[in-house]
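Here is how the chains run, residue by residue.
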Amino acid sequence: MMDEQQVIPFWGPEQIELLELMTQAVDPEERVPAAIQAAAPLEGRKLLDVGAGVGDRTIVYAQLASHVYALEPDPKALPILRGRIKSAGESNVTVVPGSAESIPLEDGTVDVAYATWAYFFGPGSEAGLREVERVVRPGGDIVVVQNYGRDELSEFWL
């Protein structure tokens, strides 16, 4: 049995590196961000990054959007997310602690909402989808990338 002191926290440096490697492995050509950008361009728009995690995509989105709200429910990820945004020098990002089921933003706050490989979409996630719809302005865009069926990692995410 593993001693508690040997347990690696989920959002440690090793896990961040692993998540970055997994992102690269799943989409080495970066087709997913390109397809998302083609479906719902970000230039001059306010974005809700649903399930921002530690910010691997948030920082990319901040370079395109006028403002990014980085929604993240995991309190352990929040300081890392904030630190990565600060290190990247992005001043147009607001970190929003909270879940998709209860987004602490006003109705119609954002022009577009992105969710990439987020755990709260699929059967039983209607509350999260309603909340996302509520915070996107009328005529805005909601883009959910859950699985594009490219490789065996699709099964891992499930």
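Enquirer: Even after reading the chapter, I still don't get the overall build of the chain, so can you show me in this structure?
Expert: Secondary structure summary: the chain contains 6 helices and 5 strands in total. Mapped from its N terminus to its C terminus, the chain presents α and β elements in the order α-α-β-α-β-α-β-β-α-β-α. Looking at the chain as a whole, 43% of its 158 residues qualify as buried. Contacts in the chain between residues at least 24 apart in sequence constitute 71% of all its contacts with a sequence separation of at least 6. Per element, the accessible surface of the chain, about 9,000 Å² overall, is 55% carbon and sulfur.

Enquirer: Explain the side chain of Thr109 to me, please; I cannot follow it from the model alone.
Expert: Counting through the fold element by element, Thr109 comes out in the loop between β3 (93-97) and β4 (110-116). With residues up to four places along the chain from it excluded, the contact list for Thr109 reads Lys46, Tyr69 and Val135.

Enquirer: For this particular structure, what's the right way to read the pattern of salt bridges?
Expert: Pairing is possible between side chains that carry opposite charge, provided their charged atoms lie close to one another. For the structure shown, the criterion picks out 4 salt bridges. Here Asp111 ties to Arg137 by a salt bridge, and the two come within 2.7 Å at their closest N and O atoms. Taken together, the positions of Asp111 in strand β4 and Arg137 in strand β5 (residues 136-145) put the pair 26 residues apart, joining distant regions of the chain. Residue class for Asp111 comes out buried when judged on its relative accessible area of 15%. Relative accessible area serves as the criterion here: at 29%, Arg137 is assigned to the partly exposed category.

Thresholds, definitions, all that
- Residues numbered from 1 in each chain as written.
- Predicted model: local features only at pLDDT ≥ 70, side-chain atom pairs only at ≥ 80, totals over all residues.
- Heavy atoms only, no water.
- Helix = DSSP H or I, 4+ residues; strand = E, 2+ residues; numbered from the N terminus.
- Buried < 20%, exposed > 50% of the residue type's maximum accessible area, 1.4 Å probe, protein only.
- Contact = heavy atoms within 4.5 Å.
- Areas by Shrake-Rupley, 256 points an atom, 1.4 Å probe, with all protein chains shown as cover.
- Salt bridge = Lys/Arg side-chain N within 4 Å of Asp/Glu carboxyl O.

Remember, this is a structural readout, not a statement about activity or role.
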